[in-house]
Amino acid sequence: MRNRSKNSPDTSKETSDGVKPVDETKIKNVVVTAKRSPYAVLALFILVIHGIWAVHHYQFENLPEPLSADQVGKRGFSEESAMKHVKALTQLGPHPVGSDALELGLQYVLEEAEKIKTTAHWEVDVDVDLFHASSGANILVSGLFKGKTLVYSDLKHVVLRISPKYTSEEVDSAILVSSHIDTVFSAEGAGDCSSCVAVMLELARGISQWAHGFKNSVIFLFNTGEEEGLNGAHSFITQHPWSSSIHMAIDLEAMGIGGASAIFQAGPNPWAIENYALVAKYPSGQILAQDLFTSGVIKSATDFQVYKEVAGLSGLDFAYADNTAVYHTKNDKLKLLKPGSLQHLGENMLAFLLHTASSSQLTKMASNDKSQHDPAIYFDILGTYMVVFRQSLANMLYNSVIMQSMMIWGTSVMMGGSTSAISLALSFFSILLMWIFSLSFSIGVAFILPFISSSPVPFISNPWLVGGLFLSPAFLGALTGQHIGYLLLQKYIFKKMENLSLSLSLSHVVKQNWAKLEAERWLYKSGLLQWLILLVVGHYFKVGSSYFALVWLVSPAFAYGLLEATLSPNRAPKALKTITLIFGLFIPFLISGGMFVRLAGTVVGMGVRFDRNPGGNPEWLGSLLLAVYISAVVCLSLVYLLSYIHISGAKKFIAIGSFIVFGLSLTSVISGIIPPFTEDISRAVNVVHVVDTSANKEPSSYISLFSTTPGKLTKEIEHIGEGFECGREKVIDFVTFTASYSCWTEGNSVNGWSKSDIPTLNVENDNSTTDERLTQVTIDTKESTRWSLAINTNKIEDFRLKDGENGEELIQTGTKSSADGWHIIQYSGGKNASRRFGLTLYWGKNGTQVENDENELLLKLRTDVDRLTPKVKRVLEKLPSWCSLFGKSTSPHTLAFISNLRVNF
């Protein structure tokens, strides 16, 4: 036993709050300095900014060199050869379903397929089929298609099957590679999806020289009707005889133009993504994109949904996603297609198809039900390596890390007593303050933009403005909030040290510095707590991208434990080491830094088409969502770096620099130096000649101009003239959406159409009994083969639709979903599609009552005609260069007829 002097303090005893005072004899001569070089902090910031930029550039912009046919030979992939196909298809201009241009596109693809057949290896069979699909109904229950039935007719596809000769087994087991030839009416489709078709044609040429060694055949589907609601994929998978042999589906898509084509959906069976990761030369894919897509945050759909839901297939879904602002506009054009884009996708796909088509495991994939419930988690590192692991392994990792983290935190609080518990609470409070201030500052900018800028989304043409407009305020807010938390922590720790003054003979300055350094460490550890909470939540809901939280928790925690932590209670605190931050954040930024930038660019691009119901959202909402995303990235990724600032002299420099960047960005927006839109990155608008007979009077004819891009159309109308008025007084129900804000003009709008073009809804029969009511309606769409019909499901319990020309039943009775009280039929077909239909309505019990609001509608019909009336043609000629027509499956063409049938018909 060690003897103690009667006058020496007993440091073995704990204070009443559970804190064991340190040994005075060991620390009384220690000098504690709480200061960090501002240059070191500035260097860290520069390192982080340049590091993120380098990661993004290498991961998403570092494309392979395009290769010529001579360089790759007969068996390789040549972008130079593929680009010839892109040029041929884009020269046709827009080629939507039902157009002459689409017929020419089909003929071109068919001729190229026949060439592949004649040049194939002599031991390879190549079958080419121009498939004319029968009419059908596509009923999908999730995503964009809830409450809808998609009906199609007169669709044609080119189908190419490559298999080894002299065997039959390989023909019974196939891999499907699919994309679409058709475009929307507003785009020539260089990216969406002539680039995909071109890649498939060049792949098929190369595969035809390899397939003699295959154990599975490869089917290339060049479909039409995708842009009208995935109809091409549905018609093939439900009607074509080769579809029964397919065991895996690969879909090629684009939601931008060019760049690195990445996987954004995989599964449900993980076999495909696991094999892709093994052989792809430039692997690219993030499960984060899959999480966003399947959750509905990204409002879109691809043929892959049909292959999964209807056919029960697993596989991969690829997409080009550079420059998403040009999606479905005039700027989806050849000159914006980046060199190397096709080479990137082509080489990856060629390696993958050669590997999987030669595998004997393909036939087992569809029947392996256990794997369906153990999906893959995947992500690429710098577009060079791909990490793939199963959810079951992720569960073990997450459980282990969560349990160990909670044990460490719990032990730390128990050993530290109430002081540690309160310090932990204050550090968590600093996290809350950081989020509150960061969100407040950036959201505040989003609110004021519509009042000071010509557009509420002024950053569309120059996405780097986001850095000044939102990133700077978000960063300043995060720094401010965390600094307030730091001051509260410092004050509390200093007060506790003052209470221990009898035990510690330290100067006032030393105690202050001591408190500052302890507060800094608590702020660093609060970042660990933040990511631990996210990991727990993500793991509970089985979010695939929860690996982000794992990496951002484990790596900084390991660096701290290795370089900073000590078990000795008798220590004077020191400033956190710079190497701790660099070592701890290297892997997290390597894995996620590029994706943060990529996703920001995607969100910016989506601002062009954000307002799906024009005028239906506040003008600031799109900017607000972007501001929230930027603030979230700042608070999540910079929490560790921010903790290093508070004891340095860099706070003022960083704050002033951020204010300057913000001020310059704001000035450029207010002054108009940087326009919100340009000729190559345009505002999305629609110019529609509307003939409205919904009032059951003489047709009302006018030209409507509206935009899915947030903001008023004042500047555009000043440029066009033509007597347009703008406002919210004229709300237009286009059946598939509503334009709450638009511009319109009625002058000279009677030409270009006639009353014989107006569709009709005629009640042929209406029978009622005590138990049921049945109404038969005939629909004549006249010239239109593209129309949308909304049925009031508050009145109608069920319905069926027949082709009025041949009696074919298109939609059978049965359970149908609805959205907002309506079920919508979207019909599209080729030139020979039917134009007369019979609709049978089965009323619900509440619908049999005769007493109804006389203005309540039973049916709403819109028919589209791809025709330019004189007035529309004149408006389009005067349309500003910074505007582009925008098309999607729900958009009207340039001439639309609107009619309805009331409940009290």
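A few points on the structure.

**Structural notes on the state of the cysteines**
Here is step 1 of the chain: If you walk through the whole model with that rule in mind, you get two disulfides.
Here is step 2 of the chain: The disulfide partner of C193 is C196, and the S-S distance across this bridge is 1.9 Å. In this structure the cystine formed by C193 and C196 twists about its S-S bond by roughly -45°; its chirality is therefore left-handed. Of this pair, C193 and C196 are both found in helix α6 (residues 190-207), three residues apart, which corresponds to roughly one turn of the helix.
Here is step 3 of the chain: For C193, a relative accessible area of 0% translates into the label buried.
Here is step 4 of the chain: On the accessibility criterion, C196 (0% relative accessible area) is buried.
Here is step 5 of the chain: A disulfide bridge connects C726 with C743, and the sulfur atoms are separated by 1.9 Å. Since a negative S-S torsion denotes a left-handed disulfide, the C726-C743 link at about 105° is right-handed. Within this pair, whereas C726 is found in strand β14 (residues 725-727), its partner C743 is found in strand β17 (residues 742-745), the two being separated by 17 residues in sequence.
Here is step 6 of the chain: Here the protein pairs its bonded cysteines, counted in sequence order, in the arrangement 1-2, 3-4.

**Considerations on the packing of aromatic side chains**
Here is step 1 of the chain: Taken as a whole and judged by the stated rule, the model has 25 aromatic pairs.
Here is step 2 of the chain: Between W552 and F596, the ring centres sit 6.4 Å apart and the planes meet at 35°, which makes this aromatic pair tilted. Taken together, the positions of W552 in helix α17 (residues 547-563) and F596 in helix α18 (residues 578-606) put the pair 44 residues apart, joining distant regions of the chain. The residues W552 and F596 share a single accessibility class, namely buried.
Here is step 3 of the chain: The aromatic ring of W242 is capped on one face by R161, whose charged end is 4.2 Å from the ring centroid.
Here is step 4 of the chain: The lysine or arginine in question, R773, covers the ring of W843, its NZ or CZ lying 3.8 Å from the ring centre.

**So, the sheet that holds strand β4 (residues 155-164)**
Here is step 1 of the chain: If you trace the seven strands from one edge of the open sheet to the other, you get β1-β4-β6-β5-β7-β9-β8, paired in mixed fashion. Looking along the sheet, the strands with just one partner apiece sit at the ends: β1 (124-133) and β8 (262-267). In this sheet, neighbouring strand axes are inclined to one another by 15° on average, regardless of whether the strands run parallel or antiparallel.
Here is step 2 of the chain: Bridge analysis of β8 against strand β9 (residues 314-320) gives five bridges, and the strand direction is antiparallel. Following the sheet pairing, A266 is matched in β9 by L316.

**Overview of the packing of α17 against α18**
What describes two packed helices is the angle between their axes and the distance between those same axes.
Here is step 1 of the chain: Running from N to C, α17 and α18 cross one another at 165°; their axes reach a closest spacing of 7 Å. Our classification of the angle between α17 and α18 gives roughly antiparallel. Here α17 runs over α18; the crossing is right-handed. For the pair α17 and α18, the contacting residues are Y547, F548, V551, W552, S555, P556, F558, A559, Y560, L562 and L563 in the first and I579, T580, F583, G584, L585, I587, P588, F589, I591, S592, M595 and F596 in the second.
Here is step 2 of the chain: Among the residues forming the contact of α17 with α18, the class breakdown is 19 nonpolar, four polar and no charged.

**Some words on the side chain of K871**
Here is step 1 of the chain: Residue placement: K871 occurs in helix α23 (residues 870-878).
Here is step 2 of the chain: Among the residues examined, K871 registers a relative accessible area of 3% and is labelled buried.
Here is step 3 of the chain: Within the structure, K871 has its side chain in polar contact with the backbone oxygen of G747 (distance 3.2 Å).
Here is step 4 of the chain: Not counting chain neighbours up to four residues away, the residues in contact with K871 comprise I703, E722, T745, G747 and N748.

Cut-offs applied
Residues numbered from 1 in each chain as written. Predicted model: local features only at pLDDT ≥ 70, side-chain atom pairs only at ≥ 80, totals over all residues. Heavy atoms only, no water. Disulfide = S-S within 2.5 Å. Helix = DSSP H or I, 4+ residues; strand = E, 2+ residues; numbered from the N terminus. Buried < 20%, exposed > 50% of the residue type's maximum accessible area, 1.4 Å probe, protein only. Phe/Tyr/Trp six-rings, centres within 6.5 Å; stacked < 30°, edge-to-face > 60°. Lys NZ or Arg CZ within 6 Å of the ring centre and 35° of its normal. Pairing = 2+ DSSP bridges. Axes fitted to C-alpha atoms, helices over the stretch in contact; angles between N-to-C directions. Parallel < 35°, antiparallel > 145°, perpendicular 65-115°, else oblique. Left-handed = near helix turned anticlockwise from the far one by under 90°. Contact = heavy atoms within 4.5 Å. Nonpolar A, V, L, I, M, F, W, Y, C, P; charged D, E, K, R; others polar. Polar contact = N/O pair within 3.5 Å; in protein donor to acceptor, adjacent residues only side chain to side chain.

The values are spatial; any link to function lies outside them.
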